[in-house]
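# Reading the structure
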Amino acid sequence: MVMEGTDMKIAETPKEGLTDFRVPDAYEDWLEAEKVLVHKEFYFPNIKEIEVGDWERKGGKGAVIHIDNRFMPNDCHVVEINPGGKSEPEHHMYEINIYIVWGRGATSVWIDEKNKQTFEWKEGSLFTIPLNAWYQHFNGSGNEKARYIATTNAPPMMRLFRDENMMFNCPTMFHSRYSADEDFFSGNGTLYNKRVWDTNFLPNAPDMALYGWKERGAGGVNISLRMGKNDMGNHISEFPVGTYKKAHRHGPGAHLVILGGVGFSVLWWDNEMKDYTIAPWKKGGMVIVPADATYHQHFNTGPEPARYLALRPGDG
């Protein structure tokens, strides 16, 4: 159809029965092209047992956890590195936070091939890779695999650019977000506002010192993490035996990794709590908050304080 007196064309409404009319989803198309195993669950009893398959880009085994939701601002990658093995060098235009599930090894990071920075990690370590910096992981054991999980903001970034070359071959290096000095991955940091820790590397998240935050429940302690000048934020929370966290809701995408304790979470989607799910957990489990409207509450039923790491988008 052409409007009279103009060259402007108005697209005809698709005829009933057509199946090829859709809004492109660059992220879902990428997952399909990667031929990577995708999990769509929001509760995992043990992240050590999440099934993985071949993932050529990572140079080994892996899987992606992604709830089928265009409003989900992040995903979670599960990656295994073979004994004595290493990942493929890569860089990308999305942020990434990495938590070591098991194993020990090292990671090299660089924006200049002649000036690589390498640091060691072990089970419980948490770190970020600066935006678009090159990196490569190395398994330090010749006998055992290493596994990590990584939350990324790949979904919205891929949907924004819709160009794989831009995502994985962009030549721009962000010097304002990464300086290859000796202190960058040392584990040092700065404390702000009594409970905000600015760092790029935590040697052992399960043992991180926490600070009081009465607004989240009696006796609870917490630390908010600012890493790599990222938009993605993380925090660690702990609450005492026989207590619970106040029921609340926030934006989607919080991946709650249980670092210690035994208990359960309740998730529901309406004010009257007519439809709810109970997710029992213990150390090594993970619960994901899948939507804006998801109310949730955590209960500690074990004999010791319950601690979790929240890997999430936005303010930690």
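Description of the structure in this document. (Residues numbered from 1 in each chain as written. Predicted model: local features only at pLDDT ≥ 70, side-chain atom pairs only at ≥ 80, totals over all residues. Heavy atoms only, no water.)

## Comments concerning the overall build of the chain
Rules: Working definition: helices are DSSP H or I runs of at least four residues, strands are E runs of at least two. Numbering for both runs from the N terminus. We compute the radius of gyration over the C-alpha atoms and compare it with the globule rule, which gives 2.2 Å times the number of residues raised to the power 0.38. Note on classification: 1.4 Å probe, protein chains only; a residue is buried when its accessible area is under 20% of the maximum for its type, exposed when over 50%, partly exposed between these limits. Residue contacts are counted whenever heavy atoms from the two residues lie within 4.5 Å of one another.
Across its full length, the chain holds 3 helices and 23 strands. Against the globule reference of 20 Å for 316 residues, the chain gives a C-alpha radius of gyration of 21 Å, in line with a compact fold. Based on the C-alpha atoms only, the size of the chain along its principal axes is roughly 75 × 60 × 40 Å. Counting the 316 residues in the chain, one finds 51% classified as buried. Here the analysis covers contacts within the chain between residues at least 6 apart in sequence; of these, 72% occur between residues at least 24 apart.

## Brief notes about the pattern of salt bridges
Under the convention used in this document: Salt bridges are identified by distance alone: a Lys or Arg side-chain nitrogen within 4 Å of an Asp or Glu carboxyl oxygen.
Counted by the stated rule, this structure contains 11 salt bridges. Between Glu123 and Lys48 there is a salt bridge whose closest N-O contact spans 3.8 Å. With Glu123 in the loop between strand E8 (117-122) and strand E9 (126-129) and Lys48 in the loop between strand E2 (43-44) and strand E3 (53-55), the pair connects residues that are 75 residues apart, well separated along the chain. Relative accessible area serves as the criterion here: at 40%, Glu123 is assigned to the partly exposed category. Residue classification places Lys48 among the partly exposed positions, given a relative accessible area of 38%. Here Lys145 and Glu80 are joined by a salt bridge, their closest N and O atoms 3.5 Å apart. Here Lys145, found in the loop between strand E10 (134-139) and strand E11 (146-152), pairs with Glu80, found in strand E5 (residues 75-81); they are 65 residues apart in sequence, far enough to count as distant. Residue classification places Lys145 among the partly exposed residues on the basis of a relative accessible area of 36%. Through salt bridges with shared partners, one network takes in Glu34, Arg57 and Glu164.

## Observations concerning the side chain of His137
Quick note on the threshold: Think of a polar contact as two N or O atoms within 3.5 Å of one another; within protein, one of them needs to be a possible hydrogen donor and the other a possible acceptor, and neighboring residues in sequence only count if both atoms come from side chains.
Within the secondary structure, His137 sits in strand E10. In terms of polar contacts, His137 uses its side chain to reach the side chain of Thr107, at 2.7 Å. If near-sequence neighbours (up to four positions away) are discounted, His137 is found in contact with Ile81, Gly85, Lys86, Ser87, Ile98, Ala106, Thr107, Phe127 and Tyr148.

## Some remarks on the sheet that holds E8
Selection criterion: A pair of strands is labelled paired if DSSP reports no fewer than 2 bridges between them. Axes here mean lines fitted to C-alpha atoms, for a helix over just the part in contact, with angles spanning 0 to 180 degrees between N-to-C directions.
Ordered in space as E8-E7-E10, the 3 strands form an open sheet in which the pairing is antiparallel. Every interior strand has two partners, whereas the edge strands, E8 and E10, have only one. Neighbouring strand axes in the sheet, compared pairwise and without regard to direction, differ in orientation by 20° on average.

## A few points about the packing of aromatic side chains
Rule in force here: Each Phe, Tyr or Trp ring (for Trp, its six-membered ring) is paired with any other whose centre lies within 6.5 Å, and the angle between the two planes then decides the class: stacked below 30 degrees, edge-to-face above 60, tilted in between. The rule is short: NZ of Lys or CZ of Arg within 6 Å of the ring centre and within 35 degrees of the ring normal puts a charge over the ring.
Enumeration over the complete set of coordinates arrives at 16 aromatic pairs. For the ring pair Tyr178 and Phe184, a centre distance of 4.9 Å and an interplane angle of 85° mean the geometry is edge-to-face. Each member of the pair, Tyr178 together with Phe184, is buried. Grouped by ring-pair contacts, the aromatic residues Phe119, Phe127, Tyr178, Phe184, Phe185 and Phe201 constitute a single cluster. Above the ring of Trp55, the side-chain terminus of Lys58 is found at 5.3 Å from the ring centroid. When the ring centre of Trp110 is taken as origin, the NZ or CZ atom of Lys116, which lies over that ring, is 4.2 Å away.

## Brief notes about the sheet that holds strand E19 (residues 262-268)
Read from one edge to the other, the open sheet built from 3 strands follows the order E20-E19-E22, with strand pairing classed as antiparallel. With partners counted over all chains shown, the strands left at the sheet margins are strand E20 (276-282) and strand E22 (295-300), one partner each. The mean angle between the axes of side-by-side strands here comes to 20°, regardless of whether they run parallel or antiparallel. Across 7 bridges, the pairing between E19 and E20 is antiparallel. When the sheet's bridge partners are listed, Ser265 is paired in E20 with Ala279.

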